[in-house]
Amino acid sequence: MNLIFLGPPGAGKGTQAKRICDKYNLTQIATGDILREHLKNETGLGKKAREYIDAGNLVPNDLIIDMMRYEIEKNRSKGGYLLDGFPRTVTQAEALDELLNDLNDKIDVAIVLNVPNSELMARLTGRRVCPSCGTSYHLIFNPPANEGVCDHDGEELFQRKDDNEETVNNRLEVYTKETKPIITYYEKQGLAHHVDGVGTVDEIFNLINEGIDSFVNN
Ligand code: AP5
């Protein structure tokens, strides 16, 4: 089974993707996480991508498509995968279709997480992340058991550079302009399943599971 998670910044894609991958034994391929590794390791791609990520703009399509072709080909031998943060433009969605066609592979369902902008700002500015395992917490909505450290490995949590108010505003605008149109792209293919992303993490997890089951068992 191969899935796509769509939704605005802060919709809970990463939070839910980890749980869904554990349940269905899928590999999470998260473009943001992969790009941040490139930044940290100062690779050629990392150096080119930094200015876009720090400003909350999209990294150019050609760089992302090359990166994702490599990641999908590398991971598909392990079984199913969940694409978190890709595609993000119609050009990327078309490139993904071409790649899957070449690989004789397909997407089973695109889960669309819907959350209003008023809630997204609070979620993102209060987010804290584990540098080691990538788990996302929230100062108020989803705090770790011990303040400032990860429940899983005790690492000190940090705030992402693009989680400040100004950059979040730009990320939300970019989402509306460039990424939202691909929801229609997947609706037309009969692959989109909308989920209300407001509620507890457990409630939303259950709704996503119901959506996956309704597509995969039909
Ligand atoms: P990326 O890292 O993908 O960021 P994003 O899409 O903006 O998504 P986020 O990771 O911010 O949010 P999320 O939906 O995963 O939410 P989370 O679960 O953490 O991309 C970063 C940048 O990389 C982009 O801006 C761009 O520059 C570049 N990039 C990436 N992909 C690209 C592509 N394909 N093309 C071009 N450029 C690309 O949750 C958020 C917070 O809410 C957390 O604190 C969490 O604890 C909390 N939370 C989660 N669920 C709930 C809930 N139910 N109730 C309350 N709080 C909750």
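Residues numbered from 1 in each chain as written. Predicted model: local features only at pLDDT ≥ 70, side-chain atom pairs only at ≥ 80, totals over all residues. Heavy atoms only, no water.

**As for the sheet that holds strand E2 (residues 27-30)**
Adjacent strands of a sheet form backbone hydrogen bonds with each other and so pair up, either parallel or antiparallel. The test is simple: Pairing between strands is defined by DSSP: at least two bridges between them are needed. Working definition: helices are DSSP H or I runs of at least four residues, strands are E runs of at least two. Numbering for both runs from the N terminus. Angles run from 0 to 180 degrees between N-to-C directions of axes, and those axes are lines fitted to C-alpha atoms, restricted for helices to the stretch in contact. Contacts were defined at the residue level, with two residues in contact if any of their heavy atoms lie within 4.5 Å.
The sheet built from 5 strands is open, its strands ordered E2-E3-E1-E4-E7 with parallel pairing. Looking along the sheet, the strands with just one partner apiece sit at the ends: E2 and strand E7 (192-196). Taking each pair of neighbouring strands and ignoring which way they run, the sheet shows an average axis angle of 20°. Pairing of strand E1 (residues 3-6) with strand E4 (residues 109-114), which is carried by 4 bridges, proceeds in the parallel orientation. Bridge pairing links isoleucine 4 to alanine 110 in E4. Lying on the sheet, helix H9 (residues 201-216) is in contact with E1, E4 and E7; it crosses E7 at an angle near 160°.

**Some remarks on the site of the ligand**
So the rule is basically this: Nearness here has a simple test: a residue counts as near a molecule or strand if at least one of its heavy atoms is within 4 Å of that partner. Pairing of N or O atoms within 3.5 Å defines a polar contact, subject to two protein rules: one partner must be a possible hydrogen donor and the other a possible acceptor, and residues neighboring in sequence count only if both atoms are side-chain atoms. In short, Shrake-Rupley with a 1.4 Å probe defines the accessible areas, and a residue's cover is counted only from the protein chains shown. Charged residues are taken to be Asp, Glu, Lys and Arg, nonpolar residues to be Ala, Val, Leu, Ile, Met, Phe, Trp, Tyr, Cys and Pro, and polar residues to be all remaining types, Gly included.
The environment of the ligand is made up of 36 residues, and the closest members are Thr15, Asn57, Arg88, Arg127 and Arg171. At 3.1 Å from an oxygen atom of the ligand is found a main-chain nitrogen or oxygen belonging to glycine 12. Here an oxygen atom of the ligand sits 3.5 Å away from a polar atom, N or O, in the side chain of asparagine 142. Alone, the ligand offers 1100 Å² of accessible surface; in the complex the protein occludes 96% of this. The set of elements that each furnish at least two residues to the shell around the ligand consists of helix H1 (13-24), helix H2 (31-40), helix H6 (117-125), strand E6 (136-138) and H9. Of all the elements, H2 adds the most residues to the shell around the ligand, at 4 residues. Looking at side-chain class alone, the shell around the ligand contains 14 nonpolar, 14 polar and 8 charged residues.

**Digging into unusual backbone geometry**
Filter applied, for reference: Note on exposure labels: buried denotes an accessible area under 20% of the residue type's maximum, exposed denotes more than 50%, and partly exposed covers the range between, all computed with a 1.4 Å probe on protein chains only.
Phenylalanine 86 connects to proline 87 through a cis peptide bond whose omega is 0°. Relative to the assigned elements, proline 87 resides in the loop between strand E3 (81-84) and helix H5 (90-103). One non-glycine residue, glutamate 42, adopts positive backbone phi at about 50°. Among the secondary structure elements, glutamate 42 is positioned in the loop between H2 and helix H3 (44-55). Glutamate 42 gets classed as exposed once you look at its relative accessible area, which sits at 54%. With phi around 60°, asparagine 104 is a residue other than glycine that occupies positive phi space. Turning to its location among the elements, asparagine 104 is positioned in the loop between H5 and E4. On the accessibility criterion, asparagine 104 (73% relative accessible area) is exposed.

**Some points on the side chain of lysine 13**
Where we set the bar: The charged-residue count follows a simple rule in which Lys and Arg add positive charge and Asp and Glu add negative charge, with His and chain termini not counted at all. Take a side-chain nitrogen of Lys or Arg and a carboxyl oxygen of Asp or Glu: if they are within 4 Å of each other, that pair is a salt bridge.
Counting through the fold element by element, lysine 13 comes out in helix H1. The side chain of lysine 13 is buried and forms no salt bridge, while aspartate 84, the nearest opposite charge, is found at 5.2 Å. Here proline 8 takes part through its backbone oxygen, which lies 3.0 Å from a polar atom of the side chain of lysine 13. When residues no more than four places from it in sequence are discounted, the contact partners of lysine 13 are Phe5, Leu6, Gly7, Pro8, Asp84 and Leu113.

**Points about H2**
Defined as follows: Note that the arc is computed from the directions linking the helix axis to the C-beta atoms.
Inspection of H2 places Thr31, Ile34, Leu35 and Leu39 among the buried residues, and these make up the whole buried set. The buried residues of H2 occupy an angular sector of 145° when the element is viewed end-on, so they sit on one face. Looking at the residues trailing H2, positive phi occurs at glutamate 42, about 50°.

**Some remarks on the environment of aspartate 153**
Assignment of secondary structure puts aspartate 153 in the loop between E6 and helix H7 (165-179). Considered as a pair, aspartate 153 and cysteine 133 are 20 residues apart in the sequence and their alpha carbons are 7.8 Å apart. What aspartate 153 contacts, discounting residues up to four positions off in sequence, is Cys130, Ser132 and Cys133. Here serine 132 takes part through its side chain, which lies 3.4 Å from a polar atom of the side chain of aspartate 153.

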